[in-house]
Amino acid sequence: MKRILFVILVLALSLAACAPKQTVSSGAVLKVTNGTLEKTYTVDDLKALGAAQASDKGVGYVGVPLKVLLQDAGIDPSTLSAVKAVASDGFTVNYDSSVFMADDVLVAYARADGPLADEEGTFRMVVPDQGGKMNPRMLVEIDAIP
Amino acid sequence: MKFTTRQLVTMAVFGALWGVVEISLGSVLHAIKIPLTGLALSTIGLLVALIGRLFVPKRGSTFFIGVIATVLKLFSIGNIVIGPMIGILAEALVAELILDIFPKPTRLAFVLSIAGAALWTLIQPFVTGLLIFGRELLPIWLDTLDLGSRLFGLSSQAALWIVLALIILHLSVGALGGWLAWSLGHLVSLRLGGHSPEAV
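Keep in mind that what you see is a predicted model, and the values were worked out from it rather than measured.

J.: How do you make sense of the packing of aromatic side chains when you look at a structure like this?
T.: To describe a pair of aromatic rings, you give the distance between the ring centres and the angle between the ring planes. Residue and element names in this part refer to chain B. Across all of its chains, the model carries 3 aromatic pairs over all chains by this definition. On the basis of an interplanar angle of 90 degrees and a centroid distance of 5.2 Å, the ring pair of phenylalanine 110 and tryptophan 182 is categorised as edge-to-face. With phenylalanine 110 in helix α5 (residues 107-131) and tryptophan 182 in helix α7 (residues 159-193), this residue pair connects regions lying 72 residues apart in the sequence. The buried category is assigned to phenylalanine 110, whose relative accessible area is 0%. The buried category is assigned to tryptophan 182, whose relative accessible area is 14%.

J.: I tried to follow the packing of helix α3 (residues 61-73) of chain B against helix α4 (residues 82-101) of chain B on my own but got confused; where do I start?
T.: Residue and element names in this part refer to chain B. Where α3 meets α4, the closest approach of the two axes is 8 Å, and the angle between their N-to-C directions is 175 degrees. Relative to α4, α3 is oriented roughly antiparallel. Along the contact surface, α3 presents Ser61, Thr62, Phe63, Gly66, Val67, Ala69, Thr70 and Lys73, while α4 presents Pro84, Met85, Ile88, Leu89, Ala92, Leu93, Ala95, Glu96 and Leu99. The residue makeup of the contact of α3 with α4, split by class, is 11 nonpolar, 4 polar and 2 charged.

J.: Help me understand the environment of Val81(B) in this model?
T.: Residues and elements named next belong to chain B. Counting through the fold element by element, valine 81 comes out in the loop between α3 and α4. A relative accessible area of 13% means that valine 81 is categorised as buried. Taking the C-alpha atoms as reference, valine 81 lies 9.9 Å from isoleucine 23; in sequence the two are 58 residues apart. What valine 81 contacts, discounting residues up to four positions off in sequence, is Lys73 and Ser76.

Basis of the calculations
Residues numbered from 1 in each chain as written. Chains lettered and ligands numbered in written order. Predicted model: local features only at pLDDT ≥ 70, side-chain atom pairs only at ≥ 80, totals over all residues. Heavy atoms only, no water. Phe/Tyr/Trp six-rings, centres within 6.5 Å; stacked < 30°, edge-to-face > 60°. Helix = DSSP H or I, 4+ residues; strand = E, 2+ residues; numbered from the N terminus. Buried < 20%, exposed > 50% of the residue type's maximum accessible area, 1.4 Å probe, protein only. Axes fitted to C-alpha atoms, helices over the stretch in contact; angles between N-to-C directions. Parallel < 35°, antiparallel > 145°, perpendicular 65-115°, else oblique. Contact = heavy atoms within 4.5 Å. Nonpolar A, V, L, I, M, F, W, Y, C, P; charged D, E, K, R; others polar.

Next comes the structure, spelled out in structure tokens:
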């Protein structure tokens, strides 16, 4: 029994050691970059870019289409092979062109009926009809991948 | 293959246990988006299933347990469960195929079967992403590299090392799960009946 407990302990410690490092700082600023170009946005900056609406799981969101944001940052989305969304806890998800070129894929800064919930952070991705993994909250960075 | 009523009930019990793990722990882990959720769940689930295998040491029993767990996963909290359901079924199938190579359950068979099934969790996003969720290969590949990069602190450019490290991690965790399943199975059996399972 002791041996089994020891193995369970080793297993738990191994998995804990694999926990992701919190390398990305959180904050009220969203960074959009392709490695060479870099631009940061506040909520007011995004509001100035537009107020498109999309809903996910029955909740309406207001934000800027991802492709519009990329264009504003000086990045041509049609030349990209993928776009990565990075959350403040280091979680990442990569989108292919069918996602990041869609009109209803938003970088949201508010809900349709008010501000984003605390746990959603200042910005979040909204990719309608996709799993939660594709809709990271606490968004802090958008990486354009050529 | 034919099972007795007692064996069917036993498999249903272990399938239900696996299903409960998936519904409860699985829903929580998926919701908080911690990495390697699939690996942790498949190892725990198969650990339960392989303990069941000790009690019903017949071809097909592990897969049957997986089918029960898959059906229960339908009642999971949250929206999309098709991915996890395919995962459970595929893991049970992989474990079953490896177990069937051996004439009777052994510790080595248990270690290899959960290790093999754990490896499936690394491959599954490619299969379900491409075939079911309509994703392209590149973003799935990039997600995998990002995961490895975060876990091991490697540059996402070091693709080969990341993939190797992920494979080793999955095989190791699965192997530990298999080793544990064998020991726990015997302990459970001794507690229940005072003797080892019929396989031994």
